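Architecture and fold: a report
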Amino acid sequence: MLPFQSYVNFSFQPPAFLMIGIPGMEAFNGWISIPFFSMYTVALTGNCLILLAVRRTPSLHQPMYYFLSMLALTDVGLTLSTLPTTLAVLWFDRRLIGFNFCLVQMFFLHSFSVMESSVLLAMSFDRFVAISNPLHYAAVLTNNVIIRIGMAIVARATLSLFPVPFLLKRLNFCPGKILLSHSFCFHADVMKQACADITVNIFYGLYVVLSTVGVDSLLIIMSYTLILHTVMGLASPRERLRTLNTCVSHILAVLVFYIPVIGVSMIHRFGRQLPHIVHALVAYVYLVIPPVLNPIIYSVKSKPIKKAMLKVLRAKGQA
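This is a predicted model, so every value here is computed, not measured.

**Quick word on the pattern of salt bridges**
Taken as a whole and assessed by the stated rule, the structure comprises 4 salt bridges. Arg127 is the salt-bridge partner of Asp126, the closest N and O atoms lying 3.0 Å from each other. In this structure, Asp126 and Arg127 share a single accessibility class: buried. Note that Asp216 is salt-bridged to Arg156, the shortest N-O span being 2.9 Å. Placement of Asp216 in helix α9 (residues 199-232) and of Arg156 in helix α6 (residues 143-161) is noted, with a sequence separation of 60 residues between them. Residue Asp216 is classed as buried on the basis of its relative accessible area, which comes to 1%.

If you want it as C-alpha cells, here you go:
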C-alpha cells in the first residue's frame, strides 16, 4: 500500500465540485425553489428600495441613513453571491460549479459577510455618538469620515479574505471528493474535500472569524453598554424610552445577523455528527435571512424610511 505522501502526490484539483443543495430533499427542489425565489425577491427589492429612498430623500442625508445604505448595499451583494447557484440547482438541477468559479464565489460570499459585520459595528458607533454626544454628532460623523469608514470596511474584508482562495488552491484534492453540502461554495465545506493537511486553512479561517465577527460583536456589546450607561443618566423615564427606541432597529439587525453566525460556527466546530440537512439549513438561514429581514425591520421601525420607501414606490407606480 502506498504511503500517504505518495497518495497526495497523485492527487489533483478537481475541475468542478458537485453541489448537493438541500440533502435528502432533491425530489422537492421545484417546491423548495418557491420560498427561496420569494426571499431573494424580497431581499433585492427591499434593499434596493432603501438605497433609492435614501438617495432621493434629502432629509435622509444623515450619517444614520448613510450607514443603513451601506447595510442595504452589503445585503444586495450577499444575496447576489448565492442567488445564481442556488436557483440553478433548484430550477435547472445544474449542480456542477467550476473549481475557480467556486473560489471566486466563496471569496465574495465571505467578504460580504465580513462587511455586514463591520457595517453593524459602524452603526453601533453612530448610535453611541448620537446618544452620548448629540451636540457634536454632525461634527464627528462628517461625510468625509463616513466615506473613510466605508472604505475601511471594504479594505478590511478584502484583505482578510484575499488569502483564503490561494490557501485552498495550494491543497491537493482526492479524485471523487467533490460533493458540497450546499448550493454555494462555503469555506468550511470546500476545505473538507481536500486530501492534504488543512491545519493552516483551519487556523486562518478561525483567525478571520475572531478578528472580524468576534471583535465586532465585542465592540458592539461595549457600545451598547456605554449607551445604556448614558441613557440611565437621563432624568425622565419617557426620555429614556424614546432614546432607546432609536436603537431598536439596529439591535434587531444585530440579532438577525449574529445569532445565525453563532449557529453556523457552533455546528461546524461541534456538530459534525448532525445530519447534513441541518448544516445546509443553518447556512441558508445565515446567508439568506438577514438580507430579507433587514429592510422589513427598518421599514417597520423607522417612520422616515417607511415614508421614503412608499414615496419611491408611488413614483414608480405613476411612471
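**Quick notes on the side chain of His187**
Mapped onto the secondary structure, His187 falls in helix α8 (residues 187-191). For His187, the contacting residues outside a window of four places in its chain are Met106, His110, Val164, Leu168, Asn201 and Gly205.

**Section: the packing of helix α4 (residues 99-132) against helix α11 (residues 248-270)**
At a closest axis distance of 11 Å, the pairing of α4 and α11 adopts a crossing angle of 155 degrees. Viewed along their axes, α4 and α11 adopt a mutual orientation that is roughly antiparallel. Taken as a pair, α4 and α11 cross one another with a handedness that is left-handed. Contacts from Ser113, Glu116, Ser117, Leu120, Met123 and Ser124 of α4 reach α11 at His250, Ala253, Val254, Phe257 and Tyr258. A class-by-class count of the residues in the contact of α4 with α11 yields 6 nonpolar, 4 polar and 1 charged.

Each value, and the rule that gives it
Residues numbered from 1 in each chain as written. Predicted model: local features only at pLDDT ≥ 70, side-chain atom pairs only at ≥ 80, totals over all residues. Heavy atoms only, no water. Salt bridge = Lys/Arg side-chain N within 4 Å of Asp/Glu carboxyl O. Buried < 20%, exposed > 50% of the residue type's maximum accessible area, 1.4 Å probe, protein only. Helix = DSSP H or I, 4+ residues; strand = E, 2+ residues; numbered from the N terminus. Contact = heavy atoms within 4.5 Å. Axes fitted to C-alpha atoms, helices over the stretch in contact; angles between N-to-C directions. Parallel < 35°, antiparallel > 145°, perpendicular 65-115°, else oblique. Left-handed = near helix turned anticlockwise from the far one by under 90°. Nonpolar A, V, L, I, M, F, W, Y, C, P; charged D, E, K, R; others polar.

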